[in-house]
Amino acid sequence: MALIELEDVRRTFTVRARTGRFSREKREVRAVDGLSFTVEAGECVGYIGPNGAGKSTTIKMLTGILVPSGGRLRVAGVDPARERVALARRIGVVFGQRTTLWWDLPLRDSFELARRIYRIPDRRYRENLGRCVELLDLDGLLDTPVRQLSLGQRMRGDLAAALLHDPQVLYLDEPTIGLDVVSKGRVREFLREVNRERGTTVLLTTHDLTDIEQLCGRVMVIDHGRVVYDGGLDGLHEAGESERTLVVDLAESRPAIEVPGARVVKVEGPRQWLAFPARESAAPIVAAVAARYPLVDLSVREPAIEDVIARMYAEVAIG
Amino acid sequence: MAEPLTGTLAEPLVEHLAEPLTEPLGARTRWAVRSWWLCAGMWMRSTMAYRASFALTLGASLVTHSLDFVVLVLMFRHTDQLGGWTLPELAFLYATATFALGIANLLVGSVDGLGARIVNGTLDTMLIRPAPALSQLCAERFSLRRLGRPIQALAVLVWSLATLDVTWTWDRVLLVPALLVCGCVIFGAIYVGGATVQFWWGEAKEIQNSVTYGGATLLHYPPTIFAKELVAGVVFGVPLAFVNWLPALHILGRPDPLGLPTAFQYASPLAAALCVAVAGLAWRAGLRAYRGTGS
Ligand SMILES: Nc1ncnc2c1ncn2[C@@H]1O[C@H](COP(=O)(O)OP(=O)(O)O)[C@@H](O)[C@H]1O
Ligand SMILES: [Mg+2]
């Protein structure tokens, strides 16, 4: 049975903008504009799209914080808007930039409060806490006041706090935003583990395509409150003909280099940018560059989500 | 319905899925109070992290609040009566109003942080928890430091009760604790109802503060010195008169300047219940507006 079901879900906001000294104008913003999709139990779905696409609004409706303006919505068989508090026991939510941890208290205390607020049975609490501490490497941090934790450590704490009560669904709104590479890796590793081990359904919004690549079997792209793509990540790259970028630092400045399978899109002194199809491996291109030119340094950049989507639209327009 | 989870971790223990989705009002109220208590406990521990300043701020608040009363005492150096009332009688008014405001402020005063939480989006983090947002909001920054005001009020009350020239019949004796409890409830309801306005109008905090603090100051003085229209407004509008004026008329054996039926002097519990109902409905309407149902 589908765990999350949306049928033509809409949400409009009325914004009052000041247009003059005394005049105000009411404007309708359609944040979510006819969403229909289902998510099966145990799926891990990446929910992506440009800023203002309606991702957070969708998550807020799925948690019951916001009531849809129209359409039908079910999570675990209940209507979130009507059963918000009851549903809260079955879902876990992490907002990337807003911690739910208690600032001045040791991390352990926030977990202890969750135990009571969610009425987690003692044995279950101990087991879950033990597992989270192990997977998230929180052992030495439990007695540290939250305000002394780094952003990455805090995010790990937030993840643990959201999972202690065995939620069926975990919603994550930009969980990796602002994190360093190591912390991002930890968070991904943990989410994959939770999804695999427990069958927890995960819905994740992000701006980092690597999150999706490493975690999600399914991607949904939304724009202007509508689903514009729903499928695997490979399909997304194809749909968007997206390109990755190989940035090479050569020993000296030279004109655009010649490498088969890639084209130079930018030259800046000894540094050159080479674009190649996202589905191709970077290895042969790196080898080809290294064989022909003295190479000092290199890095591979994933396509930005905005670019992928922009190209998808271009495709649609042409085709 | 929801399917059970399977996992290698342990057998799935999702018994809360069997819980009824809607609980009766009594159970919900108990849960709301317990949630408040849990959160207040966390805040109390948070402030204890800065223990050194605790005694200091409590002491300071005791002193500053006492100054209010000192002003009252100084006034009586030039006169024996104010609006026909003696110093112990005024002390009674002062103490009851201050106590009620102080306890309400201690327990639910932080609800006025609602507007700020709406603006920075942290109200949402309260709404994702299975505890009532109102409980979490009221418990915010709970600290026993705020006991300064009610403690000082109790001291004044004891002095006033000891010096008042009153024949203590049983109904007068009973009215004193009843008035204290109802006063706390009425001020608490005003805090909550006032904060609710912030759902629609973010800058409403100042208005609410002027009703609570301004109202409490009004209640320090006998109703006889104010215009009848004002007194009527405080009976039938924002029902602050039920905090202490009306029951005090009976306890102190004073005539009612408005000439209302004596029933009003016993009606504080009714007024308190009404305030709670109105504040509760307002809160629900506000939360619905925020979440986007109706309006
Ligand atoms: N509370 C609100 N009031 C008015 N407009 C809002 C509100 N929340 C979101 N919006 C608007 O709805 C649109 C979608 O926002 P959001 O869901 O936050 O996008 P995303 O998370 O994809 O960046 C944006 O245009 C945003 O300005
Ligand atoms: Mg967002």
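Relevant structure appears above.
Residues numbered from 1 in each chain as written. Chains lettered and ligands numbered in written order. Predicted model: local features only at pLDDT ≥ 70, side-chain atom pairs only at ≥ 80, totals over all residues. Heavy atoms only, no water.

What follows is about a positive patch on the surface. Residues and elements named next belong to chain A. Positive charge collects at one region of the surface, where Arg16, Arg18, Arg24 and Lys26 lie side by side. The set of elements that each furnish at least two residues to the positive patch consists of strand E1 (2-18) and strand E2 (24-40). Along the polypeptide, Arg18 turns up in strand E1. Residue classification places Arg18 among the exposed positions, given a relative accessible area of 60%. (Patch = residues over 30% accessible without salt bridge, like charges linked within 9 Å, V, L, I, M, F, W, Y side chains within 5 Å. Areas by Shrake-Rupley, 256 points an atom, 1.4 Å probe, with all protein chains shown as cover. Salt bridge = Lys/Arg side-chain N within 4 Å of Asp/Glu carboxyl O. Lys, Arg positive; Asp, Glu negative; His and termini not counted. Charge placed at Lys NZ, Arg CZ, Asp CG, Glu CD. Helix = DSSP H or I, 4+ residues; strand = E, 2+ residues; numbered from the N terminus. Buried < 20%, exposed > 50% of the residue type's maximum accessible area, 1.4 Å probe, protein only.)

All names here are of chain A. Per the counting criterion, the structure on display carries 31 salt bridges over all chains. The closest approach of N and O atoms between Asp166 and Arg124, which form a salt bridge, is 2.5 Å. Pair noted here: Asp166 is in the loop between helix H5 (151-163) and strand E6 (169-173) and Arg124 is in helix H4 (residues 122-136), with a separation of 42 residues, a long-range link. A relative accessible area of 3% means that Asp166 is categorised as buried. When its relative accessible area of 4% is taken as the criterion, Arg124 is described as buried. One salt bridge in this structure joins Asp249 and Arg271, with 2.7 Å as the shortest N-O distance. Here the residue Asp249 occupies a position in strand E10 (residues 243-250), and Arg271 occupies one in strand E12 (residues 271-277), the gap between them amounting to 22 residues. Relative accessible area serves as the criterion here: at 33%, Arg271 is assigned to the partly exposed category.

Further remarks concern empty space enclosed by the protein. Any space left empty among the atoms is revealed by the rolling of a water-sized probe across them. Residue and element names in this part refer to chain A. Counted by the stated rule, this structure contains 5 cavities of 30 Å³ or more. The computed volume of the largest cavity comes to approximately 220 Å³. Listing elements by their share of the lining of the largest cavity, those giving two or more residues are strand E5 (91-95), helix H3 (107-117) and H5. Of the residues assigned to the lining of the largest cavity, the class counts are 12 nonpolar, 4 polar and 2 charged. (1 Å grid on protein atoms, 1.4 Å probe; cavity = no way out; pocket = protein on both sides within 12 Å on 5 of 7 lines; lining within 4 Å. Points joined across faces, edges and corners; volume = space filled by probe spheres on them. Nonpolar A, V, L, I, M, F, W, Y, C, P; charged D, E, K, R; others polar.)

Nothing here speaks to function; it is geometry throughout.
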